[in-house]
Amino acid sequence: DAKTTQPTSMDCAEGRAANLPCNHSTISGNEYVYWYRQIHSQGPQYIIHGLKNNETNEMASLIITEDRKSSTLILPHATLRDTAVYYCIARGGSNYKLTFGKGTLLTVNP
Amino acid sequence: NAGVMQNPRHLVRRRGQEARLRCSPMKGHSHVYWYRQLPEEGLKFMVYLQKENIIDESGMPKERFSAEFPKEGPSILRIQQVVRGDSAAYFCASSPQDTSSYNEQFFGPGTRLTVL
C-alpha cells in the first residue's frame, strides 16, 4: 500500500469546518483512500473511503485531487466530540490489512 | 444490530500467565482481524481469520501468540507466558463475507492488557 503523509496535529474551532489533508503521492490506480478516526481509548471508527470521485456521507466529505496524489477529509461543522486522531490509509482492493500511521490529532476548541 | 464485541475490556496478568482475548464479530460478518496498538503507536495488523481458517498471520509474533475463529463462538487471541512487552490495546475488527474493496472493517472497543 502507498505511504501516506499527514500533519501531526491541527486545531479547529467548534462549529467551523475541519479540513484534514493527506498526501499519497505514490498511490496506485487500484488503491482506495480510507479515513478512520480514533477517539481517545476507543476502537478506530470508519469515516469514509473513495477511489477517485469525491464522496460524501453523513459524517464527512472526501475530496480527492484529479491526479489522486492527495486528498482532504472535511468535517463540515466540527464539534467537541470530533476531537480524535484521524488516519488516512491507502489500501488496494484485494488487501485486507489496514496500515495505520501516526495520523493527525485534531483538537476541536470551544 | 450490535457492533463488534470484545471482552474483557481490561485484563491484568502477571508475567508468565496466559491471556485470552475474545471477539464476537458483527452479525453476518465472517471475517475477523486482530490489531495491536502499543503505547503511543498506531495499530499494527496481527492476523486475519475466517471461520475455522487462519488466512494471514504474518503480523503475529512467532512464539506465544495464537488465534482461532471456531465454527461456533467468538474469535480468541491467546497469549501464553505473557511478558511486560505484551502490554497493549488489542483491537478486533470484522467485515462482511464479501471482501470487495468496498467493505470497511468495523472495530470493537478493544481489550487493554496490562502485564505486571
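**Points about the overall build of chain B**
Next up, step 1: Scanning chain B for helices and strands turns up 0 helices and 11 strands.
Next up, step 2: The C-alpha atoms of chain B give a radius of gyration of 14 Å, which matches the 13 Å a tight globule of 116 residues would have.
Next up, step 3: When its C-alpha atoms are laid out on the principal axes, chain B stretches across 40 × 25 × 25 Å.
Next up, step 4: Every one of the 116 residues in chain B was classed for burial, and the buried ones make up 47%.
Next up, step 5: Excluding contacts between residues fewer than 6 apart, the proportion of contacts in chain B whose partners are at least 24 apart in sequence is 54%.

**Some details on the interface of chain A and chain B**
Next up, step 1: Counting residues at the interface gives 18 residues for chain A, matched by 22 residues for chain B.
Next up, step 2: Buried area between chain A and chain B, summed over both chains or domains, comes out near 1,600 Å², and the portion from carbon and sulfur atoms is 50%.
Next up, step 3: On the chain A side of the contact with chain B, A:Y96, A:K97 and A:F100 bury the most area, a combined 31% of that side's loss.
Next up, step 4: Applying the counting criterion to the chain A and chain B interface returns 1 salt bridge.
Next up, step 5: For A:K97, the salt bridge identified is with B:D56, shortest N-O distance 3.5 Å.
Next up, step 6: One can count 8 residue pairs in polar contact (both at pLDDT 80 or more) joining chain A with chain B.
Next up, step 7: Among the secondary structure elements, those contributing two or more residues to the side of chain A that touches chain B are strand 3 (31–38), strand 4 (45–50) and strand 8 (84–92) of chain A.
Next up, step 8: Split by residue class, the side of chain A that touches chain B holds 9 nonpolar, 7 polar and 2 charged.

Procedures and definitions
- Residues numbered from 1 in each chain as written.
- Chains lettered and ligands numbered in written order.
- Predicted model: local features only at pLDDT ≥ 70, side-chain atom pairs only at ≥ 80, totals over all residues.
- Heavy atoms only, no water.
- Helix = DSSP H or I, 4+ residues; strand = E, 2+ residues; numbered from the N terminus.
- Rg over C-alpha atoms; globule rule 2.2 N^0.38 Å.
- Buried < 20%, exposed > 50% of the residue type's maximum accessible area, 1.4 Å probe, protein only.
- Contact = heavy atoms within 4.5 Å.
- Buried area = accessible area lost by both parts, 1.4 Å probe.
- Salt bridge = Lys/Arg side-chain N within 4 Å of Asp/Glu carboxyl O.
- Polar contact = N/O pair within 3.5 Å; in protein donor to acceptor, adjacent residues only side chain to side chain.
- Nonpolar A, V, L, I, M, F, W, Y, C, P; charged D, E, K, R; others polar.

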